[in-house]
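# Understanding the architecture of this molecule
Chain by chain, the residues:
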Amino acid sequence: DAGITQSPRHKVTETGTPVTLRCHQTENHRYMYWYRQDPGHGLRLIHYSYGVKDTDKGEVSDGYSVSRSKTEDFLLTLESATSSQTSVYFCAISEDRAEQYFGPGTRLTVT
Amino acid sequence: AQSVAQPEDQVNVAEGNPLTVKCTYSVSGNPYLFWYVQYPNRGLQFLLKYITGDNLVKGSYGFEAEFNKSQTSFHLKKPSALVSDSALYFCAVRPNSGYSTLTFGKGTMLLVSP
């Protein structure tokens, strides 16, 4: 997993609580992405960043926000977690049109 | 809008036999195409990509993929399957002009039996 870490790796939280997931890279890549993986849906893009403080929405952005204050860190926040946000979350990085490299994932359970 | 179809949820093959995992795509203009593999409880690993040039692309672990523009396909192949190839495989596409995010297929589970 090319210089990408995600924290926490596992989290159980209650409905209505805020949750922040962190992605950290040591590759100095410009682009960073947050995906969720659910059975039958493959990977779906939540938000992505194309530079510090530059972010945009993906396919399934409702209920999520992101921030990128440093090149190496990309935070995903669930303002008020719901059971439908139970999923495995992956961070990825890339340089321009090159392939993306993925982190190890965070398994989030909302009870 | 771009899209990827992986028509098979699961592919079963015996060890030593050739394998094919199918992928078709839809994109405006010419595509960039990618294959990724995911082992249990791991992130996705990049296998290979088609950007331009030769329609047969070789990648990691003996995998290759054939780009067919007329059929809008990018099937993943391997001449001789290994039990250790058993995993979830994803195809992804983006247009090759400008900047655009990747769109992934739903994935195909490959099971290689001994």
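Anything mentioned here points back to the structure above.
None of these values were measured; they are calculated from a predicted model. Each chain has its residues counted from 1, following the order in which its sequence is written. In the order they appear in the text, chains get letters beginning with A and ligands get numbers beginning with 1. A pLDDT threshold of at least 70 governs which residues receive local features in this predicted model, and a stricter bar of 80 or more applies before side-chain atom pairs are shown or counted, although totals over entire chains, interfaces and linings include all residues. With hydrogens and water excluded, all non-hydrogen atoms of the structure serve as input to the side-chain values.

### Let's talk about the interface of chain A and chain B
In many analyses, interface size is given as the accessible surface area lost on bringing the parts together. Rules: The contact rule is simple, with two residues in contact once any of their heavy atoms fall within 4.5 Å. In this description, buried area is defined as the sum, over both parts, of the accessible area (probe of 1.4 Å) that is lost when the two are combined. Basic side-chain nitrogens of Lys or Arg form a salt bridge, by our definition, when they fall within 4 Å of a carboxyl oxygen of Asp or Glu.
At the junction of the two partners, chain A supplies 22 residues and chain B supplies 22 residues. Interface area, chain A with chain B, both sides summed: about 1,700 Å², of which 52% is carbon and sulfur. For the pair chain A and chain B, the number of links is 1 salt bridge. In this structure, glutamate 99 of chain A and lysine 49 of chain B form a salt bridge, with 2.8 Å as the shortest nitrogen-oxygen distance.

### Describing the state of the cysteines
To keep things clear, this is the line we draw: To count as a disulfide, a pair of cysteine sulfur atoms needs to be within 2.5 Å. A helix here means a DSSP run of H or I that spans at least four residues, while a strand means a run of E at least two residues long, and both kinds are numbered starting from the N terminus. Three exposure classes are used, based on accessible area relative to the maximum for each residue type with a 1.4 Å probe and protein chains only: buried under 20%, partly exposed in between, and exposed over 50%.
With the rule as written, the count across this model stands at 2 disulfides over all chains. One disulfide bridge connects cysteine 23 of chain A with cysteine 91 of chain A, the sulfur atoms lying 1.9 Å from each other. Disulfide cysteine 23 of chain A-cysteine 91 of chain A: the torsion about the S-S bond is -70°, which places it as left-handed. Of the two residues, cysteine 23 of chain A is situated in strand β3 (residues 19-25) and cysteine 91 of chain A in strand β9 (residues 87-94); the sequence distance between them amounts to 68 residues. Assigned by exposure class, cysteine 23 of chain A and cysteine 91 of chain A land together as buried. Cysteine 23 of chain B shares a disulfide with cysteine 91 of chain B; S-S distance 2.0 Å. A torsion of -60° about the S-S bond marks the disulfide between cysteine 23 of chain B and cysteine 91 of chain B as left-handed. Here cysteine 23 of chain B, found in the loop between β3 (19-21) and β4 (24-26), pairs with cysteine 91 of chain B, found in strand β10 (residues 87-95); they are 68 residues apart in sequence, far enough to count as distant.

### As for the pairing of strand β5 (residues 31-38) of chain B
All names here are of chain B. Heads up, the rule is: We treat two strands as partners when DSSP finds at least two bridges between them.
Buried residues dominate β5, accounting for 8 of its 8 residues. Alternating residues of β5 divide into Pro31, Leu33, Trp35 and Val37 and Tyr32, Phe34, Tyr36 and Gln38, and every residue in both groups is buried. Summarising the sheet, β5 and β10 pair through 8 bridges and their orientation is antiparallel. By the bridge assignment, valine 37 is partnered in β10 with tyrosine 89. Of the pairings in the sheet, the one linking β5 to strand β6 (residues 44-50) comprises 6 bridges and is antiparallel in character. Looking at β6, one finds that leucine 33 is bridged to tyrosine 50. Following β5, the chain reverses through 5 residues before pairing antiparallel with β6; asparagine 41 in that reversal takes a positive phi of roughly 60°.

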